[in-house]
Amino acid sequence: MKMTGENSAGNVEITMDDVKNLMKKKDEIEEQIKAYYDVLEDQGVGVEGSLVDPEGFPRGDVNVYQIRTARHSISCLQNDHKDVMKEIEEALHQLHALEKAKKGGDASGGQEEPMEQQLHAPFARVDAVTQGSPACKAGLRVGDEVTEFGSVNTGNFQNLQNIASVVQHSEGKPLRVAVIRDGQRAQVSLTPQRWTGRGLLGCNIVPIHR
């Protein structure tokens, strides 16, 4: 990824524009994933449904080639999504470090810095976790305040549909979920997946209105 600025030592500096470009790339990948999921939905199959009939022949009621192409594309795009999320995370942390350095180590301590607030202010809360669910096994607890859910963070959260979209596109893939629990920051790895209950998580998340 090419960054926009360099410091006097010749090291590349991260800017907010770099982060915005990465976020745009992430959104484009998510749109592509959604489009391929729509193809599978139109065909009446999912990412793992059988494409052969009981006798072992290719099913004649669906477009097998189109489904295989969509499934392969989703797999590749999910890897791309994971990579760009790592880039975004690294860029945000570098941006935060740069901003902190430019503050010159201000010891006033009266307020959190703006970037700190952007990275760590909670935007949602876990108000129910079902025993035996993916959320339960991941370690989420009732009362956890969510500061990051996969690609969703304080800076880009608009509504719960943002989280639902990430969950849909990440079935079977681990998501990083950062929370504030009892005043302390914690992090869990949550993998959306089918289980005996409803949905892919087994928890209820509500927005925090400020």
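Keep in mind that what you see is a predicted model, and the values were worked out from it rather than measured. (Residues numbered from 1 in each chain as written. Predicted model: local features only at pLDDT ≥ 70, side-chain atom pairs only at ≥ 80, totals over all residues. Heavy atoms only, no water.)

Engineer: Explain the packing of helix α1 (residues 16-43) against helix α2 (residues 64-102) here, please?
Structural biologist: Helix-helix packing is described using two parameters, namely the angle between the two axes and the distance between the axes. Following both chains from N to C, one finds α1 and α2 inclined at 160 degrees, their axes separated by 9 Å at the closest point. Accordingly, the angle class assigned to the pair α1 and α2 is roughly antiparallel. Read as a crossing pair, α1 and α2 show a hand that is left-handed. Considering only residue class, the contact of α1 with α2 consists of 20 nonpolar, six polar and six charged. (Axes fitted to C-alpha atoms, helices over the stretch in contact; angles between N-to-C directions. Helix = DSSP H or I, 4+ residues; strand = E, 2+ residues; numbered from the N terminus. Parallel < 35°, antiparallel > 145°, perpendicular 65-115°, else oblique. Left-handed = near helix turned anticlockwise from the far one by under 90°. Nonpolar A, V, L, I, M, F, W, Y, C, P; charged D, E, K, R; others polar.)

Engineer: Just checking my understanding: could you explain α2 for this structure?
Structural biologist: Working note: α-helix, 3.6 residues per turn, so residues spaced by three or four point in the same direction. End to end, α2 covers 56 Å across 39 residues, agreeing with the expected 57 Å (1.5 Å per residue, within 8%). For α2, the capping residue at the N-terminal end is Asn63, with a side-chain oxygen 3.3 Å from the backbone nitrogen of Tyr65. (Expected span 1.5 Å × (residues − 1). Polar contact = N/O pair within 3.5 Å; in protein donor to acceptor, adjacent residues only side chain to side chain.)

Engineer: Teacher, can you tell me more about the environment of Asp53 here?
Structural biologist: If you trace the backbone, Asp53 turns up in the loop between α1 and α2. In contact with Asp53, other than residues within four places in its own chain, are Pro58 and Arg59. A distance of 2.9 Å separates the side chain of Asp53 from the backbone nitrogen of Glu55, its partner in a polar contact. (Contact = heavy atoms within 4.5 Å.)

Engineer: What is the right way to look at the packing of α1 against helix α5 (residues 160-169) in this model?
Structural biologist: Close contact between α1 and α5 brings their axes to 10 Å; oriented N to C, the two are set at 65 degrees. As α1 runs across α5, the sense of the crossing is left-handed. Contacts between α1 and α5 involve Glu30, Ile33, Lys34 and Tyr37 from the first element and Val166, Gln168 and His169 from the second.

Engineer: Where do I start with the pairing of strand β7 (residues 184-190) in this structure?
Structural biologist: Each regular strand shows side chains that alternate between the opposite faces of the sheet. Across seven bridges, strand β6 (residues 175-181) lies against β7 in antiparallel orientation. By the bridge assignment, Val177 is partnered in β7 with Val188. Counted between consecutive antiparallel strands, the loop separating β6 from β7 contains two residues, among which Asp182 sits at a positive phi close to 55 degrees. (Pairing = 2+ DSSP bridges.)

Engineer: Mind showing me how you'd approach the pattern of salt bridges here?
Structural biologist: Opposite charge on two side chains permits pairing when their charged atoms draw close. A full pass over the atoms with the stated rule returns eight salt bridges. We note a salt bridge from Lys26 to Asp27, for which the minimum N-O separation is 2.7 Å. On the accessibility criterion, Asp27 (38% relative accessible area) is partly exposed. The partner of Glu171 in a salt bridge is Arg194, and the shortest N-O contact between them spans 3.3 Å. With Glu171 in the loop between α5 and β6 and Arg194 in the loop between β7 and β8 (203-207), the pair connects residues that are 23 residues apart, well separated along the chain. For Arg194, a relative accessible area of 64% corresponds to the exposed category. Beyond isolated ion pairs, a larger network of salt bridges with shared partners links Lys26, Asp27 and Glu30. (Salt bridge = Lys/Arg side-chain N within 4 Å of Asp/Glu carboxyl O. Buried < 20%, exposed > 50% of the residue type's maximum accessible area, 1.4 Å probe, protein only.)

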